[in-house]
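Reading the structure
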Amino acid sequence: MKENDLTPEESFTIINKAISNFKMNYRENAKIFLLWGWILTAAGISNFIILRMLQSKEAYELMGPYSLGNWALFALVGFIFMFILLRKLNRKRKVYSHLDSYFNKLWQVTAASFFVGTFICIRMGIIPPPIMLLIAGLATTVSGLFIRFKPLVIGGISFFLFSMAATFVNNEYIALLTSAAIACGYLIPGYFLKSAKE
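Scope of this entry: the structure provided in the associated data block. Treat the numbers as computed from the prediction; the structure is a model and nothing was measured.

Criteria and thresholds
- Residues numbered from 1 in each chain as written.
- Predicted model: local features only at pLDDT ≥ 70, side-chain atom pairs only at ≥ 80, totals over all residues.
- Heavy atoms only, no water.
- Helix = DSSP H or I, 4+ residues; strand = E, 2+ residues; numbered from the N terminus.
- Buried < 20%, exposed > 50% of the residue type's maximum accessible area, 1.4 Å probe, protein only.
- Contact = heavy atoms within 4.5 Å.
- Areas by Shrake-Rupley, 256 points an atom, 1.4 Å probe, with all protein chains shown as cover.
- Core = buried A, V, L, I, M, F, W, Y, C linked by side-chain atoms within 4.5 Å.
- Patch = residues over 30% accessible without salt bridge, like charges linked within 9 Å, V, L, I, M, F, W, Y side chains within 5 Å.
- Salt bridge = Lys/Arg side-chain N within 4 Å of Asp/Glu carboxyl O.
- Phe/Tyr/Trp six-rings, centres within 6.5 Å; stacked < 30°, edge-to-face > 60°.
- Expected span 1.5 Å × (residues − 1).

**Re the overall build of the chain**
- Each helix and strand in the chain was counted, giving 7 helices and 0 strands.
- Reading the chain from its N end, one meets helices and strands in the order α-α-α-α-α-α-α.
- Relative to its 198 residues, the chain shows a buried fraction of 39%.
- Counted over contacts in the chain with a minimum sequence separation of 6, partners at least 24 positions apart contribute 75%.
- As displayed, the chain offers around 12,200 Å² of accessible surface, 70% of which is attributable to carbon and sulfur atoms.

**Here we look at the nonpolar core**
- One finds Trp36, Phe159 and Tyr186 to be the most contacted residues of the largest nonpolar core, which totals 28 residues.
- Elements supplying a minimum of two residues to this core: α2 (30-56), α3 (63-92), α4 (98-124), α5 (129-147), α6 (150-166) and α7 (171-194).
- Looking at which element gives the most residues to this core, the answer is α2, with 7 residues.

**Considering the side chain of threonine 110**
- Structurally, threonine 110 can be placed in helix α4.
- With sequence-adjacent residues up to four places away left out, threonine 110 is seen in contact with Ile135 and Ala139.

**With respect to a nonpolar patch on the surface**
- A cluster of nonpolar residues, Val116, Phe119, Ile120, Met124, Ile126 and Ile131, forms a patch on the protein surface that exposes about 570 Å² of accessible area.
- In terms of residue count, the dominant contributor to the nonpolar patch is α4 (4 residues).
- Within the secondary structure layout, isoleucine 126 lies in the loop between α4 and α5.
- Given the relative accessible area of 41%, isoleucine 126 is considered partly exposed.

**Topic: the packing of aromatic side chains**
- Inspection of every chain in the model, using the stated rule, returns 10 aromatic pairs.
- Relative to tyrosine 173, the ring of phenylalanine 48 has its centre 5.3 Å away and its plane inclined at 50°; by these criteria the two rings are tilted. A residue pair is termed long-range when its members are at least 10 positions apart, and phenylalanine 48 in helix α2 and tyrosine 173 in helix α7 qualify at 125 residues.
- For phenylalanine 48, a relative accessible area of 16% corresponds to the buried category.
- Within the aromatic cluster, the residues linked to one another by ring pairs are Phe33, Trp107, Phe159 and Tyr186.

**Some words on α2**
- For α2, built from 27 residues, the straight-helix expectation of 39 Å at 1.5 Å per residue is met to within 8% by its first-to-last C-alpha distance of 39 Å.
- Following α2 by one or two positions, glutamate 58 has its phi on the positive side, about 55°.

Purely geometric numbers; function is a separate question.
Shown next, in the form of structure tokens:
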């Protein structure tokens, strides 16, 4: 059996075609960035309102459980909507590549990291946003670098900056900072990705 030796140009063309097909699929998945961007931005604003109300009533002992419950509720709603959205997207998908599989695994591990990070933060008595924003920044930056999409890279870097800034912010205002981080890291790049051309 004769092996086909590819020239460097042919190899480069094949790689670029795979990345182009992946970008097409990823552009379709911009809806997922937008979904999580809006849900988590709303969760952050809701969390701020809850913390302010509890603080005004001096119910400090309820701040942790209510805050965690707020985030958990919004996350649950997000997962339900994401499941429905992914089913629709997968039915319409024309090309599925190894790159798609890689990114699915990247974001599955990222989701698991959010849960583990939250557990660690609760056990250690520290507030989760700096760690959560760092994890989001890692996955978002890697995604942007891999598909060579600058707005996603910038969004990922913004998560890193907001993660550091979150260490300097008072507890109730950290929810607003988290909302701003999510808007910069998911929403803005998500809209750019949705409208991106080849």
